[in-house]
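Listed here are the chains, written in short residue letters.
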Amino acid sequence: MSGQSTTRTASGGGPGTARSAGRTGQRLSGLAVTLGLVLFLGGFAWGAVVYRPYTVPTPSMAPTIDAGDRVLAERIDGGDVRRGDVVVFTDTTWADVPLIKRVVAVGGDTVSCCRDGKLKVNGEAIEEPYLGGGAAAEFGAFPEVTVPEGRLFLLGDERAGSVDSTAHLTDAAGGTVSRDAVRARVDAVVWPMDGMLTAPTGFERLGDLSSPGPLRTVVAMVIAGAVLVLGGAAYGPLAQRAAGSRARANTGSAGGR
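Overview of the structure.

Conventions we followed
- Residues numbered from 1 in each chain as written.
- Predicted model: local features only at pLDDT ≥ 70, side-chain atom pairs only at ≥ 80, totals over all residues.
- Heavy atoms only, no water.
- Helix = DSSP H or I, 4+ residues; strand = E, 2+ residues; numbered from the N terminus.
- Buried < 20%, exposed > 50% of the residue type's maximum accessible area, 1.4 Å probe, protein only.
- Contact = heavy atoms within 4.5 Å.
- Areas by Shrake-Rupley, 256 points an atom, 1.4 Å probe, with all protein chains shown as cover.
- 1 Å grid on protein atoms, 1.4 Å probe; cavity = no way out; pocket = protein on both sides within 12 Å on 5 of 7 lines; lining within 4 Å.
- Points joined across faces, edges and corners; volume = space filled by probe spheres on them.
- Pairing = 2+ DSSP bridges.
- Axes fitted to C-alpha atoms, helices over the stretch in contact; angles between N-to-C directions.
- Core = buried A, V, L, I, M, F, W, Y, C linked by side-chain atoms within 4.5 Å.
- Phe/Tyr/Trp six-rings, centres within 6.5 Å; stacked < 30°, edge-to-face > 60°.
- Lys NZ or Arg CZ within 6 Å of the ring centre and 35° of its normal.
- Polar contact = N/O pair within 3.5 Å; in protein donor to acceptor, adjacent residues only side chain to side chain.

Examining the overall build of the protein
Part 1 of the reasoning: Scanning the protein from N- to C-terminus turns up three helices and twelve strands.
Part 2 of the reasoning: Looking at the protein as a whole, 39% of its 257 residues are labelled buried.
Part 3 of the reasoning: The long-range fraction of contacts in the protein, counting pairs at least 24 apart against all pairs at least 6 apart in sequence, stands at 68%.
Part 4 of the reasoning: Per element, the accessible surface of the protein, about 13700 Å² overall, is 58% carbon and sulfur.

Rendered as structure tokens:
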């Protein structure tokens, strides 16, 4: 009686249990890989729908964006543009190619530069830390302009050399660009990996700023998906090997008894 009881107890943790543990490991591995692929591919698909990549050919937005930098810009409607946004637009009176500038005033605003080295919008002096250390707004000095409704006034962050609204003040539109000309809003510099653009907080007193796009969520989905795929692919074989090792140990123990 005693010998039978001992043998049954030993065999209870043998090959059958190992096979069961191995199957559980395979199921968990498959689930992790499947979920990881959904996140990974879903993140890429979401990013491809929401964002467009652009390469910046000139230093007119330095130091925020340098010549040759690669940026990701969120596709938006021109009606969603707010002060401080860095936007991609096309205006054939400027150039027949996409351009990247910063919106400093919208329809109904008055804008001028410069007293005390500050850009002024609706009489408010705007702090512009993105101009870089020691840079002054007055490099792009211009008289007061009233922006027509439905249009935008845009400047480059490199005020000394940017061909922006100040270079088109004598045009029929007075240097302004239609909101409908906007194609996207720049969210981040991805090469080199400088990351998300800093919020233009100097414009907060004039109205709400634009919220960042979903880029952080997209990146988190892609990274989490990659981790799950790699982790799940590795977990299955490791769990199977561990179960086999336990089975051999249990078999050896039972045989010894």
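Regarding the layout of surface pockets
Part 1 of the reasoning: Within this model, the largest pocket holds a volume of roughly 330 Å³.
Part 2 of the reasoning: Lining the largest pocket are 18 residues; nearest its centre among them are Leu72, Val190, Leu215, Val218 and Val219.
Part 3 of the reasoning: Ranked by the residues each element gives to the lining of the largest pocket, the list is headed by helix H3 (residues 215-256), at six residues.

Digging into the sheet that holds strand S8 (residues 142-146)
Picture the strands of a sheet paired through backbone hydrogen bonds; they go either parallel or antiparallel.
Part 1 of the reasoning: Pairing in this open sheet of four strands is antiparallel, and the strands run S7-S6-S5-S8 from one edge to the other. The open sheet has two edge strands with one neighbour each: strand S7 (124-126) and S8. Pairwise comparison of adjacent strand axes, ignoring direction, gives a mean angle of 30° for this sheet.
Part 2 of the reasoning: Pairing of strand S5 (residues 110-115) with S8, which is carried by three bridges, proceeds in the antiparallel orientation. Paired with cysteine 113 across the bridge in S8 is phenylalanine 142.

Describing the nonpolar core
Part 1 of the reasoning: Among the nonpolar cores identified, the biggest contains 18 residues, and Val104, Val111, Leu119, Val121, Phe142, Phe153 and Phe203 are the most heavily contacted of them.
Part 2 of the reasoning: Mapped by element, the contributors of at least two residues to this core are strand S4 (95-106), S5, strand S6 (118-121), S8 and strand S9 (151-155).
Part 3 of the reasoning: In this structure, valine 104 is in contact with Arg83, Val111, Leu119, Val121, Phe153, Leu155, Arg159 and Phe203, ignoring residues within four places of it in sequence.
Part 4 of the reasoning: Counting 13 residues, the second largest nonpolar core, distinct from the first, contains Val81, Val87, Val177 and Val182.

Some points on the pairing of strand S3 (residues 86-91)
Part 1 of the reasoning: Buried residues dominate S3, accounting for five of its six residues.
Part 2 of the reasoning: Counting the residues that bridge the hairpin from S3 to S4 gives three residues.
Part 3 of the reasoning: Bridging between S3 and strand S11 (residues 182-191) involves three bridges; their strand directions are antiparallel. Residue valine 88 lies in a different strand from S11, and its bridge partner there is alanine 184.

Observations regarding the environment of valine 163
Part 1 of the reasoning: Positionally, valine 163 belongs in the loop between S9 and strand S10 (177-178).
Part 2 of the reasoning: What makes valine 163 exposed here is its relative accessible area of 53%.
Part 3 of the reasoning: With 69 residues separating them along the chain, valine 163 and tryptophan 94 place their C-alpha atoms 8.9 Å apart.
Part 4 of the reasoning: In this view, valine 163 contacts Trp94, Lys101 and His168; residues no more than four positions away in its chain are not counted.

A look at the packing of aromatic side chains
Part 1 of the reasoning: This model, assessed by the stated rule, comprises three aromatic pairs.
Part 2 of the reasoning: A centroid spacing of 5.3 Å and a plane angle of 85° characterise the contact between phenylalanine 89 and tryptophan 94, whose relative ring orientation is edge-to-face. We note that phenylalanine 89, like tryptophan 94, is buried.
Part 3 of the reasoning: Here phenylalanine 142 and phenylalanine 153 contribute two aromatic rings whose centre-to-centre distance is 5.2 Å and whose plane-to-plane angle is 35°, an arrangement assigned as tilted. You can see phenylalanine 142 sitting in strand S8 and its partner phenylalanine 153 sitting in strand S9, a full eleven residues away along the chain. Phenylalanine 153 matches phenylalanine 142 in its accessibility class, with the two residues each being buried.
Part 4 of the reasoning: Taking the ring centre of tyrosine 130 as reference, the NZ or CZ of arginine 102 above it sits at 3.6 Å.

A short note on the side chain of aspartate 157
Part 1 of the reasoning: Structurally, aspartate 157 is set in the loop between S9 and S10.
Part 2 of the reasoning: Relative accessible area serves as the criterion here: at 2%, aspartate 157 is assigned to the buried category.
Part 3 of the reasoning: One polar contact links aspartate 157 to arginine 102, side chain to side chain, over a distance of 2.8 Å.
Part 4 of the reasoning: When neighbours within four sequence positions are excluded, aspartate 157 is seen to be in contact with Ser60, Met61, Ala62, Thr64, Arg102, Tyr130 and Leu131.

Section: unusual backbone geometry
Part 1 of the reasoning: Cis geometry is adopted by the peptide bond preceding proline 63, which originates at alanine 62 and carries an omega value of 5°.
Part 2 of the reasoning: Within the secondary structure, proline 63 sits in the loop between strand S1 (51-55) and strand S2 (70-75).

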